[in-house]
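Each chain is listed here by its residues.
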Amino acid sequence: MRYETHKTAESLREAREARGFSQHELSTLAGVPQAQISRIEAGAVDPRISSLVALAHALDQELVLVPRKMLPAVQSLVRQSPEVNSRAIRAANKELARTGEALRALQIAQPGLRDISQLQRQYAELAGFRNVVIETEKLRKIRKLLERAQKPGYQLEALAKAMQAITDLRKSVVHATVDRRGDRTPRPAYTLDGGDDG
């Protein structure tokens, strides 16, 4: 599935979950078979436009063609919507919890791995941003890397990638939070391994 289609499928799944609909309930509302909804959300098929329109309408959403140059402005307006923010925060918090579970499982499965404590610190700092929109897809990528690190032969590579991904995500969340508040006080976006940044 192409990236653009995947993002649309992800948005539809998040909208369905935010409304509290099961796939079966959405199927009844939209007139799209539940099996097709499952395949769309899993990224197993490229959905037809008619299916996307029916699903979007059932979820009180709209599919709209937007001139590419205007896309950043439209995305900004959508992100500022209280409903979208609330839905995105709920989805991020759910994925954040799943990421925490994967991190705990990794610690149990591979207690001797280096960098576990650093990963835990980075995760704890991310978890402190409960009312901030954190990119769910990036959290999902981190979780998958942590799950992969539990398998023999993949630990070091997956752990290194997870560390880089969680560090980058934490930095972007910190900067977004500072920008949103209008606070221009310089703050460190990262900490040194052995240091205490108070």
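In case you missed it, the structure is sitting above this.
Residues numbered from 1 in each chain as written. Predicted model: local features only at pLDDT ≥ 70, side-chain atom pairs only at ≥ 80, totals over all residues. Heavy atoms only, no water.

**Observations regarding the overall build of the protein**
Here's step 1: Secondary structure summary: the protein contains nine helices and zero strands in total.
Here's step 2: Secondary structure elements in the protein, listed N-terminal to C-terminal, are α-α-α-α-α-α-α-α-α.
Here's step 3: Expressed as a percentage of its 198 residues, the buried residues of the protein come to 36%.
Here's step 4: When the accessible surface of the protein is split by element, carbon and sulfur atoms take 54% of a total near 12,400 Å². (Helix = DSSP H or I, 4+ residues; strand = E, 2+ residues; numbered from the N terminus. Buried < 20%, exposed > 50% of the residue type's maximum accessible area, 1.4 Å probe, protein only. Areas by Shrake-Rupley, 256 points an atom, 1.4 Å probe, with all protein chains shown as cover.)

**Brief notes about a nonpolar patch on the surface**
Here's step 1: On the surface, Val 64, Val 66, Met 70, Leu 71, Val 74 and Val 78 cluster together into a nonpolar patch covering about 460 Å² of accessible area.
Here's step 2: Within the secondary structure layout, Val 74 lies in helix H5 (residues 71-80). (Patch = residues over 30% accessible without salt bridge, like charges linked within 9 Å, V, L, I, M, F, W, Y side chains within 5 Å. Salt bridge = Lys/Arg side-chain N within 4 Å of Asp/Glu carboxyl O.)

**Comments concerning the pattern of salt bridges**
Pairing is possible between side chains of opposite charge, provided their charged atoms come close.
Here's step 1: By the definition in use, this model includes 13 salt bridges.
Here's step 2: Among the ionic pairs, Arg 170 bridges to Glu 125, the shortest N-O distance being 2.0 Å. Taken together, the residues span a long stretch of sequence, with Arg 170 in helix H9 (residues 155-181) and Glu 125 in helix H7 (residues 116-127) at a distance of 45 residues.
Here's step 3: Residue classification places Arg 170 among the buried residues on the basis of a relative accessible area of 8%.
Here's step 4: Here Glu 125 falls in the partly exposed class, since its relative accessible area comes to 25%.
Here's step 5: A salt bridge links Arg 140 to Glu 137, with the nearest nitrogen and oxygen atoms 3.0 Å apart. Of this pair, Arg 140 and Glu 137 both sit in helix H8 (residues 136-148), three residues apart, which is roughly one turn of that helix.
Here's step 6: Judged by its relative accessible area of 13%, Arg 140 falls in the buried class.

**Some points on the packing of helix H2 (residues 23-30) against helix H4 (residues 49-58)**
Here's step 1: Where H2 meets H4, the closest approach of the two axes is 9 Å, and the angle between their N-to-C directions is 105°. Judged on the interaxial angle alone, H4 and H2 are roughly perpendicular. Contact residues: H2 offers Leu 26, Leu 29 and Ala 30, while H4 offers Ala 54, Leu 55 and Ala 58.
Here's step 2: Looking at side-chain class alone, the contact of H2 with H4 contains six nonpolar, no polar and no charged residues. (Axes fitted to C-alpha atoms, helices over the stretch in contact; angles between N-to-C directions. Parallel < 35°, antiparallel > 145°, perpendicular 65-115°, else oblique. Contact = heavy atoms within 4.5 Å. Nonpolar A, V, L, I, M, F, W, Y, C, P; charged D, E, K, R; others polar.)

**Points about the side chain of Arg 16**
Here's step 1: Mapped onto the elements, Arg 16 comes out in helix H1 (residues 3-19).
Here's step 2: Reaching out from Arg 16, the side chain makes a polar contact with the backbone oxygen of Phe 21 at a distance of 2.9 Å.
Here's step 3: Beyond its immediate sequence surroundings of up to four residues, Arg 16 is in contact with Phe 21, Ser 22, Gln 23, Leu 26, Glu 41 and Leu 59. (Polar contact = N/O pair within 3.5 Å; in protein donor to acceptor, adjacent residues only side chain to side chain.)

**Some thoughts on empty space enclosed by the protein**
Here's step 1: Using the criterion set out here, one finds one cavity of 30 Å³ or more in the structure.
Here's step 2: Put simply, the largest cavity is a space of about 40 Å³.
Here's step 3: Taken together, Leu 12, Arg 13, Leu 26, Ile 37, Ile 40, Glu 41, Leu 55 and Leu 59 form the lining of the largest cavity.
Here's step 4: No other element matches helix H3 (residues 34-42), which puts three residues into the lining of the largest cavity.
Here's step 5: When its residues are assigned to classes, the lining of the largest cavity shows six nonpolar, no polar and two charged. (1 Å grid on protein atoms, 1.4 Å probe; cavity = no way out; pocket = protein on both sides within 12 Å on 5 of 7 lines; lining within 4 Å. Points joined across faces, edges and corners; volume = space filled by probe spheres on them.)

**Observations concerning the nonpolar core**
Here's step 1: Counting 27 residues, the largest nonpolar core has Leu 126, Ile 134 and Leu 146 as its most contacted members.
Here's step 2: Among the elements of the structure, helix H6 (82-109), H7, H8 and H9 are those that each provide at least two residues to this core.
Here's step 3: Look past the residues within four positions of Leu 126 in its chain and what remains in contact with it is Leu 96, Ile 134, Leu 139, Ile 166, Leu 169, Arg 170 and Val 173.
Here's step 4: Listed in part, the eleven residues of the second largest apolar core include Leu 12, Ala 30, Leu 52 and Leu 55. (Core = buried A, V, L, I, M, F, W, Y, C linked by side-chain atoms within 4.5 Å.)

**Describing the environment of Leu 26**
Here's step 1: Relative to the helices and strands, Leu 26 resides in helix H2.
Here's step 2: With 32 residues separating them along the chain, Leu 26 and Ala 58 place their C-alpha atoms 7.0 Å apart.
Here's step 3: Here Leu 26 is in contact with Arg 16, Phe 21, Gly 31, Ile 37, Leu 55, Ala 58 and Leu 59, once residues within four sequence places are set aside.

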